[in-house]
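# Summary of structural features
One-letter residues, chain by chain:
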Amino acid sequence: MEQPTPESTPPEATPWYRDSDDAPLGERLQKVLAAHGWGSRRVCEEMIAQGRVRVNDATAVLGCRVRPDNDRVEVDGVPVGIRPGLVHYLVNKPQGVICSVGDTHDRPTIVDLVPPEPRVHPVGRLDLATEGLIIVTNDGALTHAITHPSRGVEKEYLASVRRGAVSAGSLRRLRDGIELDDGFTAPAQVSQPEPGLLRITIHEGRNRQVRRMCDAIGHPVERLIRVRIGPISDRSLAPGTWRYLDPGEVIALSTETGAAGYAPHT
Ligand code: URA
């Protein structure tokens with residue numbers, strides 16, 4: 001049988017997942033992981049070296065490239081489950097920052113608080129004077145799912161109100177649903193941890209809703225802070241700062257809102 005000559009021997013194929021100068025397929029695994037909040041590239045390289053990262057059910061090696069559209073990536077068994085190029089920031093908005101992507105009056109906007117690239121937008125709005133948690137992302141599907149009225153993601157606020165303690169009757173009105181100029185509010189969870197401080201959980205997203213609810217019972221809001229969005233809360237995130245949502249949080253949020261495309265791969 002004819003033996004292959006050295007010239008006819010095909011060069012050893014470089015598997016698509018191995019790094020090399022001529023392997024344009026996919027992105028470096030550590031870059032993908034770092035972009036989605038698993039730590040710096042160095043930390044992600046260590047996770048890969050420690051065998052904690054799997055790609056399509058095989059333990060990943062350093063130099064691995066992935067095509068996040070097609071490949072299933074897991075860290076410690078947790079699916080990364082986030083499409084490429086998507087970022088999800090959790091921002092603690094201070095007072096005086098506007099929730100839009102630009103402002104004609106040059107006021108600081110929420111997107112000024114996060115990295116300039118990629119371009120992102122806030123998920124919903126907080127009033128200029130409202131503080132607290134807001135998600136900023138370039139993920140249109142998740143934005144749609146969170147803001148769609150039918151999804152009813154819970155949002156929890158702390159409101160300190162004027163005129164002292166709120167009566168039991170007024171608390172009941174807030175809980176049962178109160179008439180505003182755009183109709184009755186849906187039932188809400190309302191407690192008063194201390195006189196004049198209300199913890200209010202709503203799942204509608206009407207304009208200035210909490211302020212208007214408190215106005216309606218004669219206790220205008222003095223200070224309003226959002227402390228939770230669905231499963232997401234963070235008491236240690238300083239005002240004016242951001243962090244990545246970790247993949248588990250994105251998946252929890254997606255599960256709660258029914259957003260497609262994030263469920264762990266099966
Ligand atoms: N309700 C309000 O009144 N203001 C906000 O910013 C958010 C909810």
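Preceding block: the structure.
Now for a quick tour of the structure. (Residues numbered from 1 in each chain as written. Predicted model: local features only at pLDDT ≥ 70, side-chain atom pairs only at ≥ 80, totals over all residues. Heavy atoms only, no water.)

### Quick notes on the overall build of the chain
Of regular secondary structure, the chain possesses six helices and 16 strands. In the chain, buried positions account for 42% of the 266 residues. Contacts in the chain between residues at least 24 apart in sequence constitute 63% of all its contacts with a sequence separation of at least 6. Accessible surface computed for the chain: about 14100 Å², of which carbon and sulfur atoms make up 51%. (Helix = DSSP H or I, 4+ residues; strand = E, 2+ residues; numbered from the N terminus. Buried < 20%, exposed > 50% of the residue type's maximum accessible area, 1.4 Å probe, protein only. Contact = heavy atoms within 4.5 Å. Areas by Shrake-Rupley, 256 points an atom, 1.4 Å probe, with all protein chains shown as cover.)

### Observations concerning the site of the ligand
Taken together, Leu126, Asp127, Thr130, Tyr157, Arg208, Gln209, Val210, Arg211 and Leu224 make up the full set of residues near the ligand. Within the backbone of Asp127, a nitrogen or oxygen atom sits 2.7 Å from an oxygen atom of the ligand. At 3.4 Å from an oxygen atom of the ligand is found a main-chain nitrogen or oxygen belonging to Gln209. Relative to its unbound accessible area of 240 Å², the ligand is 96% covered by the protein chains. If you tally residues by element for the shell around the ligand, the top one is helix α5 (residues 209-216), at three residues. In terms of residue class, the shell around the ligand is made up of four nonpolar, two polar and three charged. When residues are assigned to domains, the shell around the ligand turns out to be shared by domain 2 (88-150 + 231-257) and domain 3 (155-229), each giving three or more. (Near = heavy atom within 4 Å. Polar contact = N/O pair within 3.5 Å; in protein donor to acceptor, adjacent residues only side chain to side chain. Nonpolar A, V, L, I, M, F, W, Y, C, P; charged D, E, K, R; others polar. Domains from an automatic or database assignment.)

### Looking at the pattern of salt bridges
Enumeration according to the criterion identifies 17 salt bridges in this entry. Between Glu204 and Arg206 there is a salt bridge; the shortest N-O distance is 3.2 Å. (Salt bridge = Lys/Arg side-chain N within 4 Å of Asp/Glu carboxyl O.)

### A word on the pairing of strand β9 (residues 131-137)
By the criterion of burial, β9 is predominantly enclosed, with seven of the seven residues buried. When strand β7 (residues 88-93) meets β9, the two strands line up antiparallel, connected through six bridges. Residue His88 lies in a different strand from β9, and its bridge partner there is Thr137. Here two bridges tie strand β8 (residues 121-122) to β9, and the two strands are oriented antiparallel to one another. Bridge pairing links His121 to Thr137 in β9. Taken together, the two bridges between β9 and strand β15 (residues 221-229) define a ladder with parallel strand orientation. The residue bridging Glu131 from the neighbouring strand is Ile225, located in β15. (Pairing = 2+ DSSP bridges.)

### Brief notes about the side chain of Glu156
Inspection of the secondary structure puts Glu156 in strand β10 (residues 155-161). Within the structure, Glu156 has its side chain in polar contact with the side chain of Arg228 (distance 2.8 Å). Excluding residues within four positions of it along the chain, Glu156 makes contact with Arg199, Ile200, Thr201, Ile225, Arg226, Val227 and Arg228.

### Here's the deal with α5
For α5, a buried count of six out of eight residues is recorded, marking the element as mostly surrounded by other parts of the structure. For α5, the full list of buried residues reads Gln209, Val210, Arg211, Arg212, Met213 and Cys214. On its buried side, α5 packs onto β10, α4 (168-176), β11 (179-180), β14 (197-202) and β15. Phi turns positive one or two residues past the end of α5, at Gly218, with a value near 80°.

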